[in-house]
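# Topology and contacts: notes
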Amino acid sequence: LADLDKAIELDPKLAEAHFNKGVWLFGEKKSKEAIVSLTRAIELNSTDGSYFNYRAIAYEEPGQVDKAIEDFTACIKLDPGEINGYRRRANAYIQKGDCKKALEDLNRAVVLSPRDFKLKRNRGELLMKLKRYKDAIADFDSIAKANSMDDDAFKSLGDAYFELGNYQCSLQNYNEAISLRSDSQSNFMARSRVYQKLGQNAQAQLDIQKAKKCLGSPES
C-alpha cells in the first residue's frame, strides 16, 4: 500500500496505481475506500473492463446492488465476449429478485461457453426457482453426462423430477447420488421424501435414520 501511495504521489494520473490500490483495499475488506480508489481509476481510464468489474464487486459488498449492475453492464459493453460479466450481473439480478433478467444473462453466458458446467449448474438452480423443472433437468442432465461422478448433479436431477411428480425418475437419481456420496444427509432426506410419496414408509424411515447418522459429516 505504501508503494502504491508513493506511485500515486509521483503520478496522480496513473490509473493502474489507483486500480491496484482499490483491489488491495477490497482484499482488506475496506469496500468504501476501495470504491473511492477504483472510481478514480475509472475516471482516468474508462476503457478497461476490469476496473468496472472490480468496482461492481466492491459495490456488492455493502449491498449497493443497483450500482453494481451498472458497472457490470459497463464491463459487458467493453468486453461482450467475457462470460464473467454476465455471470456476475446475473448474481446481482438474483439479489434484487429479478430472476428473469438473471436468466437472460446466464443464457448469454452459456451460449458463449457451452462447456462451462458451473454456468449450467447456476442456470439449472435458477430454473428450479422459476419452477421451470424440465428446463432445469436439461441442464443438470448435461452435467451428469459430462461427469458421471458428480453426485450434486444427480441430486439436483432427483429434486427436479420430484417437483414434476415423476417419483420413479427422482428415486433413480437419488439412488445414484447416494451411491456416489453415502455420507450426505441431504441425499438421504431427499430420498426419504420419495419413499413417502411412493407409500414405502419403512424405507423412508430407514433413510431418515441414515440421515441422522450423517449429522456432522461435511456436505459436498
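Above this text you will find the structure in question.
How each quantity is defined
Residues numbered from 1 in each chain as written. Predicted model: local features only at pLDDT ≥ 70, side-chain atom pairs only at ≥ 80, totals over all residues. Heavy atoms only, no water. Helix = DSSP H or I, 4+ residues; strand = E, 2+ residues; numbered from the N terminus. Rg over C-alpha atoms; globule rule 2.2 N^0.38 Å. Contact = heavy atoms within 4.5 Å. Areas by Shrake-Rupley, 256 points an atom, 1.4 Å probe, with all protein chains shown as cover. Lys, Arg positive; Asp, Glu negative; His and termini not counted. Charge placed at Lys NZ, Arg CZ, Asp CG, Glu CD. Phe/Tyr/Trp six-rings, centres within 6.5 Å; stacked < 30°, edge-to-face > 60°. Buried < 20%, exposed > 50% of the residue type's maximum accessible area, 1.4 Å probe, protein only. Lys NZ or Arg CZ within 6 Å of the ring centre and 35° of its normal. Salt bridge = Lys/Arg side-chain N within 4 Å of Asp/Glu carboxyl O. Axes fitted to C-alpha atoms, helices over the stretch in contact; angles between N-to-C directions. Parallel < 35°, antiparallel > 145°, perpendicular 65-115°, else oblique. Left-handed = near helix turned anticlockwise from the far one by under 90°. Nonpolar A, V, L, I, M, F, W, Y, C, P; charged D, E, K, R; others polar. Expected span 1.5 Å × (residues − 1). Arc of directions from axis to C-beta.

## Concerning the overall build of the protein
- When helices and strands are counted, the protein shows 13 helices and zero strands.
- Taken from N to C terminus, the helices and strands of the protein fall in the order α-α-α-α-α-α-α-α-α-α-α-α-α.
- For the protein, whose C-alpha radius of gyration is 23 Å, the value lies well above the compact-globule estimate of 17 Å for 220 residues.
- With the C-alpha coordinates aligned to their principal axes, the bounding extent of the protein is approximately 75 × 35 × 30 Å.
- In the protein, 41% of the contacts between residues at least 6 apart in sequence involve partners at least 24 apart.
- For the protein, the accessible surface area stands at approximately 11900 Å², while carbon and sulfur atoms represent 48% of it.
- The average position of the 35 basic charges and that of the 33 acidic charges among the side chains of the protein differ by 5 Å.

## What about the packing of aromatic side chains?
- One pass over the full model with this rule turns up three aromatic pairs.
- Look at Phe 19 and Tyr 54: their rings are 5.4 Å apart centre to centre, the planes differ by 80 degrees, and that puts the pair in the edge-to-face class. Within this pair, whereas Phe 19 is found in helix H2 (residues 15–27), its partner Tyr 54 is found in helix H4 (residues 49–60), the two being separated by 35 residues in sequence.
- The class for Tyr 54 is partly exposed, based on a relative accessible area of 33%.
- In textbook terms, an aromatic cluster arises when at least three aromatic residues are bridged by ring pairs, as seen for Phe 19, Tyr 51 and Tyr 54.
- The side chain of Arg 193 reaches across the aromatic face of Phe 162, ending 4.0 Å from its centre.

## What about unusual backbone geometry?
- Backbone geometry places Lys 29, a non-glycine residue, at a positive phi of 65 degrees.
- Looking at the element boundaries, Lys 29 is found in the loop between H2 and helix H3 (31–44).
- In the Ramachandran plot, Lys 131 falls in the positive-phi region, its phi being about 65 degrees despite a non-glycine side chain.
- Note on placement: Lys 131 falls in the loop between helix H8 (117–129) and helix H9 (133–146).

## Observations regarding the pattern of salt bridges
- Evaluation of the coordinates by the stated rule reveals 15 salt bridges.
- Its salt-bridge partner being Asp 159, residue Lys 155 comes within 2.9 Å of it at the nearest N-O pair. Here Asp 159 and Lys 155 lie together in helix H10 (residues 151–164), a separation of four residues that amounts to about one turn.
- Residue classification places Lys 155 among the buried residues on the basis of a relative accessible area of 16%.
- A salt bridge links Arg 191 to Asp 207, with the nearest nitrogen and oxygen atoms 2.6 Å apart.

## Quick word on the packing of helix H5 (residues 65–78) against helix H6 (residues 83–96)
- Viewed as axis vectors pointing N to C, H5 and H6 meet at an angle of 160 degrees, and their least axial separation amounts to 9 Å. By the criterion of interaxial angle, the relationship of H5 to H6 is roughly antiparallel. Seen from above, H5 lies across H6 with left-handed handedness. Within the contact between the two elements, H5 uses Val 65, Asp 66, Ile 69, Phe 72, Thr 73 and Ile 76 and H6 uses Gly 85, Tyr 86, Arg 88, Arg 89, Ala 92, Tyr 93, Gln 95 and Lys 96.
- In terms of residue class, the contact of H5 with H6 is built from seven nonpolar, three polar and four charged.

## Description of helix H7 (residues 99–112)
- A rise of 1.5 Å per residue sets the reference length of H7, with its 14 residues, at 20 Å; its end C-alpha atoms lie 20 Å apart and thus fit the reference within 8%.
- Every buried residue of H7 is listed here: Cys 99, Ala 102, Leu 103, Asp 105, Leu 106, Ala 109 and Val 110. Mapping the buried residues of H7 onto a view down its axis gives an arc of 165 degrees, with all of them on the same face. Exposed side chains of H7 directed beyond 90 degrees from the buried face belong to Lys 100 and Val 111.
- For H7, the elements touching its buried residues are H6 and H8.

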